[in-house]
Amino acid sequence: MRIVYVKMVILLLLSWMFMQPRAIAQVAVADTSIVQYLERNNTGGTIQVEQPAELSRRVARVGDEVEANMVKVPVYRIQLFSSNSASAKTQAENLAREVENTFPNLQAAVSYASPFWRLRVGEFRTYEEANAMLPVIQNKFSDLQRGMLIIRERISVPVHDYSND
């Protein structure tokens, strides 16, 4: 009797182990929020969630929101600084001010992506434009030149409607 009991427990544990990943995989549907998942018809029931628009915006996954009159375009930037030290934020902000004073036509952007503070400059349309500017910046900030590199990013820019002009 004891052997039968042990075999049943082992069988239950094994079946539970193999069933868990399937249940998790069903929940992990790409590009939807939990609310959108619950509102689907194929989840075994019908749920209708009523919520304010602001709450919908906050629970949506990153990238779900469609910005009106905006389009994402690729740009190239020169990364001058990246650090996760305790003083990295201050260093990046001070360096950004120095870059904007030295090169007023270049936009300096300080960003934080855990755990790194980064400083990237410029919004060049092509890699060649960024590569042409790289030696100029390297000459001015020679102590940072070893860590400088060209980065491709996507930014949102406004779309102008010229149909009424």
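Let us look at the structure shown here. Not measured: the values here are computed from a predicted model.

Some remarks on the overall build of the protein chain
(1) Moving on: Check the secondary structure of the protein chain and you find five helices and four strands.
(2) Moving on: Taken from the N to the C terminus, the helices and strands of the protein chain come in the order α-α-α-β-α-β-β-α-β.
(3) Moving on: Out of the 165 residues belonging to the protein chain, those deemed buried represent 23%.
(4) Moving on: Contacts in the protein chain between residues at least 24 apart in sequence constitute 66% of all its contacts with a sequence separation of at least 6.

Considerations on helix α4 (residues 88–102)
(1) Moving on: Here α4 contains 15 residues, and its C-alpha end-to-end distance of 21 Å stays within 8% of the 21 Å for a straight helix at 1.5 Å per residue.
(2) Moving on: Of the positions making up α4, those classed as buried are A88, A92, L95, A96 and V99. Projected down its long axis, α4 carries its buried residues within an arc of 110°, all on one side.

Section: the packing of aromatic side chains
(1) Moving on: With the rule as written, the count across this model stands at two aromatic pairs.
(2) Moving on: Centre to centre, the rings of Y76 and Y127 are 6.0 Å apart; their planes meet at 85°, and the pair counts as edge-to-face. Residue Y76 is located in strand β1 (residues 70–83), and its partner Y127 is located in helix α5 (residues 127–140); the two are separated by 51 residues in the primary sequence.
(3) Moving on: The class for Y127 is partly exposed, based on a relative accessible area of 40%.

Observations concerning the pattern of salt bridges
(1) Moving on: Within the structure shown, the criterion is met by three salt bridges.
(2) Moving on: Salt bridges linked by common partners bring R77, R120, E123 and E153 together as one network.

Regarding α5
(1) Moving on: Here α5 is 14 residues long and its end C-alpha atoms lie 20 Å apart, about the 20 Å a rise of 1.5 Å per residue gives.
(2) Moving on: Taking the largest bend as the criterion, α5 deviates by roughly 25°, centred on L134, and proline P135 comes between one and four positions later.
(3) Moving on: Those residues of α5 not exposed but buried are A130, M133, L134, I137 and Q138.
(4) Moving on: Contacts from the buried residues of α5 go to β1, β3 (116–124) and β4 (149–158).

Side note on the side chain of R120
(1) Moving on: With respect to the helices and strands, the residue R120 is situated in strand β3.
(2) Moving on: Side chain to side chain, R120 and E153 meet in a polar contact 2.3 Å long.
(3) Moving on: Once you skip the residues sitting within four places of it in the chain, R120 turns out to touch R77, I78, Q79, Q107, A108, A109, I151 and E153.

Let's talk about the sheet that holds β3
(1) Moving on: The strand order β2-β3-β1-β4 describes an open sheet built from four strands, whose pairing is antiparallel. Whereas interior strands pair on both sides, the edge strands pair on one side only; in this sheet they are β2 (108–113) and β4. The sheet shows a mean angle of 40° between the axes of neighbouring strands, taken without regard to direction.
(2) Moving on: The strands touched by α5 are β1, β3 and β4; relative to β1, the strand with the most contacts, the crossing angle is about 25°.

Reading the values: the criteria
- Residues numbered from 1 in each chain as written.
- Predicted model: local features only at pLDDT ≥ 70, side-chain atom pairs only at ≥ 80, totals over all residues.
- Heavy atoms only, no water.
- Helix = DSSP H or I, 4+ residues; strand = E, 2+ residues; numbered from the N terminus.
- Buried < 20%, exposed > 50% of the residue type's maximum accessible area, 1.4 Å probe, protein only.
- Contact = heavy atoms within 4.5 Å.
- Expected span 1.5 Å × (residues − 1).
- Arc of directions from axis to C-beta.
- Phe/Tyr/Trp six-rings, centres within 6.5 Å; stacked < 30°, edge-to-face > 60°.
- Salt bridge = Lys/Arg side-chain N within 4 Å of Asp/Glu carboxyl O.
- Bend = angle between axes of the 7 residues up to and from the residue.
- Polar contact = N/O pair within 3.5 Å; in protein donor to acceptor, adjacent residues only side chain to side chain.
- Pairing = 2+ DSSP bridges.
- Axes fitted to C-alpha atoms, helices over the stretch in contact; angles between N-to-C directions.

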